[in-house]
Amino acid sequence: MDNRDIKSFKGVWVFAEQRQGVLTPVVIELLGEGKKLASKIGVELCAFLAGDNVDDLIPELIQYGADKVYYVNNKLLHNYTTDGYAKVLEKAVEEYKPEIILIGATHIGRDLAPRIASKLNTGLTADCTKLEIDEEDGKLLQTRPAFGGNLMATIICPETRPQMCTVRPGVMDKAIKDTSKTGDIIDVKVDLSEDDIRTEVLDIIKIKKDMIPLTDADIIVSGGMGIKNADGFKLLKELADILGGTIGASRATVDAGWIDRSRQVGQTGTTVRPKVYIACGISGAIQHLAGMQDSGIIVAINTNPNAPIFDVADYGIVGDIYEVVPQLIELLKDGAR
Ligand code: FAD
């Protein structure tokens, strides 16, 4: 494959990441974004699906916007392995030559994308938060935070194809389902053998989660260093439970060991867009704002009236969380009675 023969590459591909036969939510976001890009360039939006008998997912991908689904069905793809998935995606790209590949910046996506880019000798922009098409030459403009979030860098891949990027979950709008939509299925044949895969998945142990994942929550009650110690999260959890929400955190609290890293909101954590984000004792550093400023309604509780979090807040309460939050809890309990 001559990856500099730019004109021979056509179409936008979305890597349809699935785990145990369920699509990861970012795939629907990528299909939504991919559709916009594909319409701008006037090409097809396609999904690339690999797995072991995951045919059930094909109609879903089509209804969420894919004109074509490239499907590799192989029992060796039952669980994700770097070697197995990298081989089938690489071979499919060499055969069908997409000009753009969008991959979710999940654990799997972050593992797979750089390997494909390196095998195909093309560029990769990791962790994009915005994608556009250059009006003049149709190139993909890939924007991501850089230099500690102090500026946004727009990166292009001018000389080789495909143009590849990983995209942060929770940033792009989800595609809208159209149950009447039809599309084509391309059965991709790749010669994959056990010898190609150097790792063996013995078991998958799911961590028991007693809290809703950040990206699934409509309401997030988030704690910063203003909560003073790990116990502060118990108070915030009480509020989150009453509201049917979940707990978020600033990086400083994660670094302090007060809460698990999976709860971190921000540039190096998760990007969230809940209906309501309640920031408790969070100063509002730019890296934190990068992960939550597009929330529907932002409520900030902080003792410092000049804290930058108030610049993005719809409702600001200047006060101590240990006075304000218990009152909120009581009011909500009274309301529920
Ligand atoms: P602080 O900045 O210490 O703020 C504590 C706030 O609590 C203050 O505003 C204070 O007025 C208030 N307060 C104190 N007592 C009370 C009280 N009793 N009641 C109410 N309010 C009170 N940070 C992130 O969050 N997410 C990221 O993803 C992230 N990525 C980063 C990436 C890089 C490369 C770098 C350099 C930094 C990153 N950071 C990130 C760190 C970020 O710069 C800040 O240091 C961090 O967000 C600060 O956390 P904080 O607001 O909890 O703490």
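None of these values were measured; they are calculated from a predicted model.

The rules behind each value
- Every chain is numbered on its own, with residues counted from 1 as its sequence reads.
- Restriction of local features to residues with pLDDT of at least 70 applies here, the model being predicted, together with a cutoff of 80 or more for giving and counting side-chain atom pairs; totals for whole chains, interfaces and linings are based on all residues.
- Heavy atoms throughout the structure, all of them, feed into the side-chain values; hydrogens and water do not.
- In this description a helix means any DSSP run of H or I spanning at least four residues, a strand means any run of E spanning at least two, and both kinds are numbered starting from the N terminus.
- Throughout, exposure labels follow a simple rule: accessible area from a 1.4 Å probe, protein chains only, divided by the maximum for the residue type, with under 20% read as buried, over 50% as exposed, and the rest as partly exposed.
- Any two residues whose heavy atoms approach within 4.5 Å at even a single point are treated as in contact.
- We call a residue near a given molecule or strand whenever any one of its heavy atoms falls within 4 Å of it.
- Polar contacts, as counted here, are pairs of nitrogen or oxygen atoms within 3.5 Å of one another; within protein the pair requires one atom able to donate a hydrogen and one able to accept it, and residues that are adjacent in sequence qualify only if both atoms are side-chain atoms.
- Throughout, the Shrake-Rupley method with a 1.4 Å probe supplies accessible areas, and for residues the shown protein chains are the sole cover considered.
- We call Phe, Tyr and Trp rings a pair once their centres come within 6.5 Å, taking the six-membered ring for Trp, and we label the pair stacked below 30 degrees between planes, edge-to-face above 60, and tilted otherwise.
- At least two DSSP bridges between two strands are required for those strands to pair.
- Axis geometry follows a simple rule: fit a line to the C-alpha atoms, using only the stretch in contact for helices, then measure angles between N-to-C directions, giving values from 0 to 180 degrees.
- Two cysteine sulfur atoms make up a disulfide if the distance between them is within 2.5 Å.

Enquirer: Is there a simple way to think about the side chain of serine 250 in this case?
Expert: Here serine 250 is to be found in the loop between strand E14 (246-249) and helix H6 (251-255). The buried category is assigned to serine 250, whose relative accessible area is 9%. Excluding residues within four positions of it along the chain, serine 250 makes contact with Gly223, Gly224, Met225, Gln264, Ile282 and His288.

Enquirer: Would you take a moment to explain the site of the ligand for this structure?
Expert: Close to the ligand lie 26 residues, the nearest being Ser250, Thr268, Ser283, Gln287 and Asn302. With respect to the ligand, the side chain of aspartate 320 contributes an N or O atom lying 3.1 Å from a nitrogen atom. For the ligand, whose free accessible area comes to 990 Å², the fraction covered by protein is 75%. Of all the secondary-structure elements, those providing two or more residues to the shell around the ligand are H6 and helix H7 (286-289).

Enquirer: Just checking my understanding: could you explain the packing of aromatic side chains for this structure?
Expert: The geometry of an aromatic ring pair comes down to the distance between the two centres and the angle between the two planes. On inspection of all chains with the given rule, the structure shows 5 aromatic pairs. For the pair tryptophan 13 and tyrosine 70, a centre-to-centre distance of 4.6 Å together with 35 degrees between the ring planes defines the contact as tilted. Taken together, the residues span a long stretch of sequence, with tryptophan 13 in strand E1 (residues 12-15) and tyrosine 70 in strand E5 (residues 68-73) at a distance of 57 residues. Overall, tryptophan 13 belongs to the buried group, its relative accessible area being 1%. Residues tyrosine 70 and tyrosine 96 carry aromatic rings whose centres are separated by 4.7 Å and whose planes lie at 50 degrees to one another, so their mutual orientation is tilted. Of this pair, tyrosine 70 sits in strand E5 while tyrosine 96 sits in helix H3 (residues 82-96), and the two are 26 residues apart along the sequence. Tyrosine 96 sits in the partly exposed class, given a relative accessible area of 27%. Linked through ring pairs, Trp13, Phe15, Phe48, Tyr70 and Tyr96 together constitute an aromatic cluster.

Enquirer: Whenever I open this one, the sheet that holds strand E16 (residues 297-302) confuses me. Can you help?
Expert: Across a sheet, strands are paired by hydrogen bonds formed along the backbone, either parallel or antiparallel in direction. Read across the open sheet, the 5 strands follow the order E14-E13-E15-E16-E17; overall the sheet is parallel. Sheet topology places E14 and strand E17 (315-318) at the edges, where each strand pairs with a single neighbour. Going from strand to strand, the sheet's axes swing by 20 degrees on average, the running direction of each strand aside. Here 4 bridges tie strand E13 (residues 219-223) to E14, and the two strands are oriented parallel to one another. The residue of E14 that forms the bridge with serine 222 is glycine 248. Contacts from helix H5 (residues 232-243) reach E13, E14 and strand E15 (276-280), with the element oriented near 170 degrees to E13.

Enquirer: Explain the side chain of arginine 161 here, please?
Expert: Looking at where arginine 161 falls in the secondary structure, it is placed in the loop between strand E10 (151-155) and strand E11 (163-167). Looking at arginine 161, its side chain comes within polar contact range of the main-chain oxygen of cysteine 157, at 2.9 Å. Beyond its immediate stretch of four places on either side in the chain, arginine 161 contacts Met1, Asn3, Ile6, Phe9, Glu99, Thr122 and Lys139.

Enquirer: How do you make sense of the state of the cysteines when you look at a structure like this?
Expert: Applying the stated rule across the entire model yields 0 disulfides. Looking at the unpaired cysteine 128, the closest cysteine sulfur is the one in cysteine 165, lying at 4.3 Å. We note that cysteine 157 lacks a disulfide partner, and the nearest cysteine sulfur, in cysteine 165, lies 10 Å from it.

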